[in-house]
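As a plain string of letters, each chain reads:
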Amino acid sequence: MCSLALFPPPLLDGEITLYESNNELVSGTSASSCPKQEWDPPSLIFPRETLKSHSRPESSSKSAFLDHKDTLWMRSAGAWRDAGLSGLLEEIANRPDEVPKWLSVGSGCMLALLRWISSFHGSLFPHLTLSSEAMVAEFSQVLKWSDGAVRGFAWHPHTDKFAVALLDDTIRIYNSKSATSPTLKHRLQRSVSSLQWKPLCASELAVACHNCLLVWHIDPTSLSTRPSSGCAQVLSHPGHSPVTSIAWSPSGSLLVSASPVDTAMLVWDVAIESCVPLQRVGGGGVTFLSWAPDGGRVLAATPSALFRVWETRMWTCERWPCLKGRLQTGCWSPDGTRLLFSVQNEMVIYALTFSDSPGGPKAASVVADLSETTFSGPNGDVTVGGEVQSLAWDPKGERLAVLMKGVSEAPERPAVIAVFRTRTSPAFELLPCGFIKGEPGVEPRLMQFHPQFQHGALLTLCWSNGKITHLPFYFVSAGATTATCLPHHTAKGTEFSSQLLYTDHSS
Amino acid sequence: MFSVKQSSWFMHKVVRWRAVASFAWSVLLLPVTTSLFVFLSQASLLHPIQWITDSLCLLTASSTMFSLLLLSAVVLVIGIFIQEYCTVIPSIPCSRVALLAKVLHPRQCVHSLSHCSLGMLVTWCAAVTIGGRYRTLSHPCSESENVGQMCLNEYHLFLLLAGAFMGYSHSLLGVVQNMNYVAFHAVQQHKYMHFKGSLPRVVKCSAVQSLYSLRNYIVLYYFFGYGPRLWISQILNLQLDGSSHFLDTVAGLLDFSLLYHLWISGTFLMLTWFITVFLFRIYVSEAYSFPVQSTFTEDAEMCLPKVLSCKEPMVMKFLALQDLALLSQHSPVRRQEVFSLSQPGGHAHNWNAISRECLSLLTDLTQRLVAHHDAVASNGRPKSQGSSSDAKSVTSGSSASSAVEDLPKAYPSVSKTPGSVFLRSSTVGLNSPMTAPFTPDLDSPFSSPVIRRLTAQEDPASPWFGSVQSPHVMRRGPKLWSASTDSMVNGSPPDSPALSPRSHPASEKPSFLTQWLQNRKEQVKGFLAKRALVLYLFNKLPEASGQALFADSQAHIWALEGLSHLVAASYTEDRFGVVQTTLPNILSSMLMLLEAVDRHFKLPHASSKPSRATCSMGDSTHKTLRFALRAALKTALYRITTTFGEHLHAVQMSAEHRKRMQQFLEYKE
């Protein structure tokens, strides 16, 4: 087992992690000293102030626009349409002067009964009492989702292109091959919680929104900067909102979506816009989905201390009850045989190994301990460690980035990213690599590895000040047969070969 | 449809048993639905204990047992109808008159009438179960002057007629919503889970459907209810009881308990039938694993390469293609068998047969699309047939699924009774240019429905009776299909989808008589075309012809998935390089299909999505199959290009295709 105590101490304030080379993280004082590649992904900055979030709670505009001289019948119909049965009952119960007494009293009783039942339901599943915005913030993989300027980020799986979802409910797309960066806006595109490009396709981007799924078709050759909302397919299903997580199958044929409110996970055939709900008893919803890169399994987390691993051939599932809390995040190894996950209220990373033999794994094993560790430095002691917010494993399976929540009350304990080196053969091992340090006073919110980086791995980081930076890790993949030429720092080649890989068999 | 060819081992060994199993399950589920119905029908909120005891008594009563027996028989008959009428390719009528012809077709009439009587039977059981005032058709009169005589019990009659109406509307909606179409789902699930997951939808559908037909029925009864009442009372010599309201009055119909019982019975009827349909669909569309190769020669016809090349029965071909798509995706061991070489000789028979069949499917679709595009002018209307008779002949041959509108003109009897006299006369009609001036949809109503009815009645014993509307039977006539497979058999699949136009018979010189007839018909047509009703009936439904083109595209989607997964897997798994030999063909067929599909989507109405049906048991996935095909095609091409990457530059390809391929390599599609 690897623990944070084995890590090199975190950088001092004022220094920024620039890249990894020769197995160590190189730091500098400014980002400009980074080695250049053939295409440097643009480092973007979206200041929080320039983005105006939509401050429209669902019912605020209602009183402003609805004509109060409408007949009761019209208003009831409107309430039924807007808020369903409870809205209708409320409308009737609130007008004792316009309806017969028995009707208003009856609907009042019904309403009370409904509320009592829903509060009972809510006490079983506390997350149901949250508002939908709060629910997205609670279950999102983005740290402090409701507050940050960047709410989602997605690399295209095959080409140098990425999409960024912003606080003002727009999505921007940046492409290495064209100067135009389209901005996607849609009436239904509200509180974007997750977005993902369709694999084996150049143009389709699925977006999980407040009460629907949008699938954008963005023609890569088009020069338009504002694709019309006609380019978006709207997929919605009653009772399936807010959508907090989506995942494309790696073969590009299916899309699964999850909502913490809906106990069923939906498997969409996007082209024909039909879905199959997959429902199992227990859990109270589905919060997080992750499809294994080989397409064989899907991880589905629930808001209670239980998660499921679906097998995608016949869509059967294994139940995995956790002890402490709900599963917060998880990621798959590139070959789809190993699942790393972490659980709320626990500062460890677990691993599950799957094989094709029946039976399957019996128990998850702890592979890394992230409990608080104090490093003493020149400026005093620095404490690092905490619960995991999200995990990211690079597509070659050699680096694992772990975003740890900080302590929100203590400004000296911000969120921190720890990077592990991973090795899968002969035995699975996590080896420490280092902490990633950003500009002073800025904490990371979201991270994702580039799926096709040639020279190792490229980690994209979204920071709390709205900045998006890219951090390369240069290494030669253990599986690679031909050594790809690393840019720039071949001068250190001799040093590189003589240096021993840092290994520690502490597990 | 499934019983087209009784000799097929697949029908005997697989489909029949699947059907039997599904019927057995629907019969086994009958006690559950019946007891639910009994429970709900006795509902009285004010006396809950009496409600429960009454229901329990009724459940053990002999009358309920008898109804249960009767209902089981009904379900079995329904099941047999489903099996006979089921199809894996939806038939899509292209104009309203084609739809009308479909509804009035004798086969459909048999279906409707039997559903009518079955519905009546079910509601009779329901009436007996509910008891009370619904129990019998007659009761002793209560009025003073008729004491001792029997009076008609209108409630019973009302319920029975409601059953008949619902049965009929079920059958009618089955045609309109393609209830008989068995769709295959992209997500494989175990049967139990599939059933459990969809049961709420089935229950909701049956409740909603019953509500709608209840509304229609009440309106109908309000206006025409006195007719059957009078008729029945006269036939059975029953008096009409004047003391209570008649049910075709507002006061009579505003009876909440009556409406509730009607609705519950209707829901019960729909539910039992829908469950039967639904279970049948689940069972039939379950994946079946064909062996890729067999060590015994007698099993050779059961192997995947052989089965794929069969055209009949269609369900077997579909299941084989599904199996191919699944094995190419999930099963390395079976993929290895596909790539293997034959033991003496070292030929890649398995791969050759599979790829040949898939490619011929794709080429067939390409040709169909090209022909359709040529036949349709850019404004989406059919060109005048005189100017493009060549295109017309190809359309009639290749757009098989739009057969209802297109085929009767050229092959009116291919789908009917091949041995009938009509075949010859129609061949004459084909050869003479007499039919040339008629647009397809104007032609069919004049000749075919009448004749169709005649021929079908004339020869019901023929093996073709009962399969009249199956599109794949119609497809046997057209040349393109067989032409493409012929050339496949000869060795190499054709490299271009260049149309192989049939030998065109229109070169014969028309006689004076035919010319005169032609002019007359032209005048009649011109006259009729101005009438609004005719126009309404005969106008093409805008999206239907496009949907009809892609009606069987599920097969193409599987072929694309299977091929692309196999090709992608061959990059690492194909030790003998058998796939490399066909790679140029595969790529060019896919690219040509892509061109054709792109062109098709530029037509008006092609890219508009139909509104989704909120609640119906009919599967509407066939309406959007063209989108699924386009997505599957692009994904398939990307799967190949991402796997092979730059190596694809070494593949022989035309310059145009290379350009397109480059777009895929650069992710610009």
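Bear in mind that the values here come from a model prediction, so they are computed numbers and not experimental data. (Residues numbered from 1 in each chain as written. Chains lettered and ligands numbered in written order. Predicted model: local features only at pLDDT ≥ 70, side-chain atom pairs only at ≥ 80, totals over all residues. Heavy atoms only, no water.)

Attention now goes to the overall build of chain A. A tally of regular secondary structure across chain A gives five helices and 33 strands. Counting all 507 residues of chain A, 52% fall into the buried class. (Helix = DSSP H or I, 4+ residues; strand = E, 2+ residues; numbered from the N terminus. Buried < 20%, exposed > 50% of the residue type's maximum accessible area, 1.4 Å probe, protein only.)

All right, on to the pairing of strand β19 (residues 306–311) of chain A then. Here is the key point about a regular strand: its side chains alternate between the two faces of the sheet. Residue and element names in this part refer to chain A. Counting buried residues along β19, five of its six residues qualify, which places the element largely inside the surrounding structure. Where strand β18 (residues 297–301) lies against β19, five bridges are found, and the strand directions are antiparallel. The partner of R297 across the bridge, within β19, is E311. In this antiparallel pair of consecutive strands, β18 and β19, the connection spans four residues. Two elements, β19 and strand β20 (residues 316–321), share six bridges in a ladder whose sense is antiparallel. Counted as the bridge partner of F307 is W320 from β20. Taking the residues between adjacent antiparallel strands as the criterion, β19 and β20 are bridged by four residues, where W315 takes a positive phi near 55 degrees. (Pairing = 2+ DSSP bridges.)

Residues and elements named next belong to chain A. Of all six residues that make up strand β31 (residues 444–449), five are buried, and the element is covered over most of its length. Taken together, the five bridges between β31 and strand β32 (residues 456–463) define a ladder with antiparallel strand orientation. Bridging across to β32, F449 finds its partner in L459. What sits between the antiparallel neighbours β31 and β32 is a turn of six residues.

Our next topic: the environment of B:E656. Residues and elements named next belong to chain B. The topology assignment puts E656 in helix α27 (residues 655–665). E656 sits in the exposed class, given a relative accessible area of 55%. Along the chain, E656 and L69 lie 587 residues apart, while their C-alpha atoms are 67 Å from each other.

Judged by nonpolar contacts, the single largest core of 139 residues is most densely connected at B:F290, B:W351, B:L587 and B:M590. The biggest single contributor to this core is helix α10 (residues 256–284) of chain B, with 17 residues. Beyond its immediate stretch of four places on either side in the chain, B:M590 contacts B:L362, B:L560, B:L563, B:S564, B:L633, B:A636, B:L637 and B:I640. Of all hydrophobic cores here, the second largest spans 24 residues; its members include A:C2, A:C331, A:A351 and A:W393. (Core = buried A, V, L, I, M, F, W, Y, C linked by side-chain atoms within 4.5 Å. Contact = heavy atoms within 4.5 Å.)

Residues and elements named next belong to chain A. Taking strand neighbours across the sheet as the criterion, the four strands line up as β13-β14-β15-β16 in an open arrangement whose pairing is antiparallel. What marks the edges here is a single partner per strand, and that holds for β13 (245–248) and β16 (274–279). Strand-to-strand twist of the sheet, defined as the mean angle between neighbouring strand axes without regard to direction, takes the value 20 degrees. Pairing analysis gives four bridges linking β13 to strand β14 (residues 255–258), with the strands arranged antiparallel. From the neighbouring strand, S245 faces β14, where its bridge partner is A258. (Axes fitted to C-alpha atoms, helices over the stretch in contact; angles between N-to-C directions.)

This next bit is on the sheet that holds strand β21 (residues 327–332) of chain A. Residues and elements named next belong to chain A. Taken in spatial order, the five strands make up an open sheet running β1-β24-β23-β22-β21, and their pairing is mixed. Bordering the open sheet on either side are β1 (2–3) and β21, each of which pairs with just one other strand. Across five bridges, the pairing between β21 and strand β22 (residues 338–343) is antiparallel. Bridge pairing in β22 places G330 opposite F341.

Taken together, the contact pairs 26 residues of chain B with 28 residues of chain A. A buried area of about 2500 Å², summed over both sides, lies between chain B and chain A, and 61% of it is on carbon and sulfur atoms. Our enumeration of links across chain B and chain A arrives at zero salt bridges. For the pair chain B and chain A, the interface holds one residue pair in polar contact (both at pLDDT 80 or more). Mapped by element, the contributors of at least two residues to the side of chain B that touches chain A are α12 (314–330) and α26 (625–644) of chain B. Element by element, the count of residues in the side of chain B that touches chain A is highest for α26(B), at nine residues. Within the side of chain B that touches chain A, the residues separate by chemical class into nine nonpolar, ten polar and seven charged. (Buried area = accessible area lost by both parts, 1.4 Å probe. Salt bridge = Lys/Arg side-chain N within 4 Å of Asp/Glu carboxyl O. Polar contact = N/O pair within 3.5 Å; in protein donor to acceptor, adjacent residues only side chain to side chain. Nonpolar A, V, L, I, M, F, W, Y, C, P; charged D, E, K, R; others polar.)

On to the packing of aromatic side chains, then. All names here are of chain A. Throughout the structure, instances matching the rule amount to 41 aromatic pairs over all chains. When the ring of W291 is compared with that of W315, the centres are 5.8 Å apart and the planes differ by 90 degrees; the resulting orientation is edge-to-face. Of the two residues, W291 sits in strand β17 (residues 288–291) while W315 sits in the loop between β19 and β20, which places them 24 residues apart along the sequence. The exposure classification of W291 matches that of W315, with both residues buried. Feature note: the residues F7, F375, F420 and F435 constitute an aromatic cluster, connected by ring pairs. The residue whose ring lies beneath R151 is W145, and the NZ or CZ to ring-centre distance is 3.8 Å. (Phe/Tyr/Trp six-rings, centres within 6.5 Å; stacked < 30°, edge-to-face > 60°. Lys NZ or Arg CZ within 6 Å of the ring centre and 35° of its normal.)

Attention now goes to the UniProt feature "transmembrane region" (unreviewed entry) in chain B. All names here are of chain B. UniProt marks residues 58–82, 116–135, 155–176, 219–240 and 260–284 with the feature "transmembrane region" (unreviewed entry), using the numbering shown here. Between the C-alpha atoms that bound residues 116–135 the distance is 20 Å, and the span itself is 75% helix and 0% strand. Here residues 260–284 runs as 100% helix and 0% strand, with 36 Å between its end C-alpha atoms. (UniProt positions renumbered as here; feature names shortened; annotations may be inferred.)

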